[in-house]
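# Chain and residue survey
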Amino acid sequence: MKFTLHIWRQENAKAKGHFETYEIDNIRPDCSFLEMLDILNERLINDRIAHPVCFDNDCREGICGMCGLYINGRPHGNDDGITTCQLHMRKFKDGDDIWIEPWRAKPFPVIRDLVVDRSAFDKIIQAGGYISTTTGGVPDANTIPIPKHKADMAMDAASCIGCGACVAACKNASAMLFVGAKVSHLALLPQGQIEAADRVKKMVAKMDELGFGSCTNTYACEAECPKLIKRQNISRLNRQWIGALFGRDRKE
Amino acid sequence: MNIPKIHSISKKILVGALGAFLSFFLLFHASANLLILRHDDGEWYNAFCHFMGTYSIIKVFEIGLLAALLLHAILAIWLAVINKMARPVSYKKPTRSKTHTGSKLQVWTGILIFACLILHFTDFYFVKSGWVKGKYMTKAEKVVALNATQPDAANYAEQHGKYSAKGNWLTNFDKEDKAFLEAAGLEVEPDFYHQAREKFKILHIVISYLVFFTVVWFHLRHGFAAVFQTFGLYNYKYSRAIEILGQIYTWGVCLMFTIVVIGVYFGL
């Protein structure tokens, strides 16, 4: 397969970026998107054309949340419930133009080319996305009975890999789905309910401070989340916030 | 002095709460407008308008309503500006994510509705104060009472006006008549029934109304479910019910308004 790639190139955080166009051919349909970029980089290096294109990646199994590219108007490309590393070239047509951009959000500044600094998410977690009790030894899994449906909802929320696709997809660059998922997986379980009010207040305050936008219920985040995390987690975050305004640790 | 910071979710909750309040008023307004369809020469509709225009508690409610509308608009625009700032560099390729169209249009439909409401208020308040041409009426019993002290003014009212609503009101006065009758000490108020019926016979006004309520439909369609989401009431159990209720409410309110306009135009 043959493609025309339009890739965002930016020397560093302060430099002015631009799109560079590269032609690439002999790409197999079963090749993953990141492998295709590897092939491009090999050619750029071997033919001494330019510096290789920088992009984030790690596990390449859809688990770590490191990869994140905005491809032809969609975070993680043209498929549902996948990360960029799970995208394959068979999803494109031969001869396609592919526009590759970094996540665009004020709290996610570009470090170089397609790599963005997502430490804003870490800062939100540091603000309150944890349980501060000293647990001692690991308790038996069934010591505290938890209803199955709640355990399932908590597990669904906990599957967030923090890739930032929700922010990248949202027209407001809002992190509400991320914060909603992080608040939910703790608020749904008994151990997390004790600090629920304090947690939600701190995390939302940090989210606002970092410059994320607010949710206007477009649900692009839900559509693009590689782990298919639902908008109901945003609703739960709002519910938790209202509870916190009245100083209550709300039980879900 | 430290001004307490209003967090993004609190702003959203406030926008949603004000929106919900305005939506309920819209349902009330739509229900009242159905009275225009009654062929009673404005007896019920004008009685309703008279009550709304004179009852003191309603006056307080009116101020609250206008304040809610302004605050709803200001907060929504404030949020939109902050949201715009959250992405200083836009994407080259426009989004292809599956999203709710209503949300993307919400600010724009809101601005359009706000602009149209200003025109509507101009109609309502300016006609009331006599700054804009309109139809006016006065209570027939007051004219009879006036006959004892100022027979000329009473005669003027009877000659220029015509009895309506089972003879309870003398209507069909214009701006000049209003000034004259008020100088004679009569209470004159707008005849919204005949004014509306006259306006809804004009094609371009009917079309403008239909366009306006299409915009309102988009705004309400998104807003209804969004309020539940913002209040944290949108959960796995009730999400479908909220969507259906939203459809019923949105279609219901918009149809109630438009049916009056279309009905009057076609002679109903």
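Residues numbered from 1 in each chain as written. Chains lettered and ligands numbered in written order. Predicted model: local features only at pLDDT ≥ 70, side-chain atom pairs only at ≥ 80, totals over all residues.

On to the environment of Ala148(B). Mapping Ala148(B) onto the fold places it in helix H5 (residues 140–149). Exposure remark for Ala148(B): the 8 C-beta atoms within 10 Å place this residue in the exposed category. (Helix = DSSP H or I, 4+ residues; strand = E, 2+ residues; numbered from the N terminus. Buried ≥ 20, exposed ≤ 12 C-beta atoms within 10 Å, placed from the backbone.)

Right, let's get into the nonpolar core. All names here are of chain A. Membership of the largest hydrophobic core comes to 68 residues, with the highest contact counts inside it found for Cys166, Val167, Ala175, Leu177, Phe178, Val179 and Val200. A total of 8 residues in this core trace back to one element, the largest contributor, which is helix H5 (residues 176–187). Here this core spans two domains, and each of domain 1 (3–112) and domain 2 (118–245) adds at least three residues to it. (Core = buried A, V, L, I, M, F, W, Y, C linked by C-beta atoms within 7 Å. Domains from an automatic or database assignment.)

All names here are of chain B. Taken together, the 4 strands give an open sheet; going across it, the order is S2-S3-S1-S4, and neighbouring strands pair in antiparallel fashion. Either end of the sheet is taken by a strand with one partner, and the two such strands are strand S2 (162–164) and strand S4 (188–190). Between one strand axis and the next, the sheet turns by 40 degrees as a mean value, whatever way the strands run. Here strand S1 (residues 136–139) runs beside strand S3 (residues 169–173); their pairing, made up of 3 bridges, is antiparallel. Directly across from lysine 139, in S3, lies its bridge partner tryptophan 169. (Pairing = 2+ DSSP bridges. Axes fitted to C-alpha atoms, helices over the stretch in contact; angles between N-to-C directions.)

Helix packing for two helices is described by the angle between their axes and how far apart those axes are. All names here are of chain B. Contact geometry of helix H1 (residues 8–33) with helix H3 (residues 56–85) gives a least axis separation of 9 Å together with a crossing angle of 140 degrees. As far as their axial angle goes, H3 and H1 are oblique. H1 and H3 meet at a crossing whose hand is left-handed. Taking contact as the criterion, the partners of Lys11, Leu14, Val15, Leu18, Gly19, Phe21, Leu22 and Phe25 in H1 are, on H3, Leu65, Ala68, Leu69, Leu71, His72, Leu75, Ala76 and Leu79. (Parallel < 35°, antiparallel > 145°, perpendicular 65-115°, else oblique. Left-handed = near helix turned anticlockwise from the far one by under 90°. Contact = placed C-beta atoms within 7 Å.)

Residues and elements named next belong to chain A. Across the interface, helix H7 (residues 196–209) lies against helix H9 (residues 232–245) with an axial gap of 9 Å and an inter-helix angle of 110 degrees. Between H7 and H9, the angle falls in the class roughly perpendicular. H9 is crossed by H7, and the crossing has left-handed handedness. Packed against H7, whose contacting residues are Ala196, Ala197, Val200, Lys201 and Val204, the element H9 presents Leu237, Gln240, Trp241, Gly243 and Ala244 at the interface. Here the residues of the contact of H7 with H9 sort into 7 nonpolar, 2 polar and 1 charged. (Nonpolar A, V, L, I, M, F, W, Y, C, P; charged D, E, K, R; others polar.)

Another point: the sheet that holds strand S4 (residues 74–75) of chain A. Residues and elements named next belong to chain A. An order of S2-S1-S5-S3-S4 is seen for the 5 strands of this open sheet, with the pairing classed as mixed. Looking at the sheet topology across the chains shown, the edges are occupied by strand S2 (18–24) and S4. By the bridge criterion, 2 bridges tie strand S3 (residues 70–71) to S4 in an arrangement that is antiparallel. Counterpart to tyrosine 70 in the pairing with S4 is proline 75.

Such coordinate-based values are descriptive only and should not be taken to indicate function.
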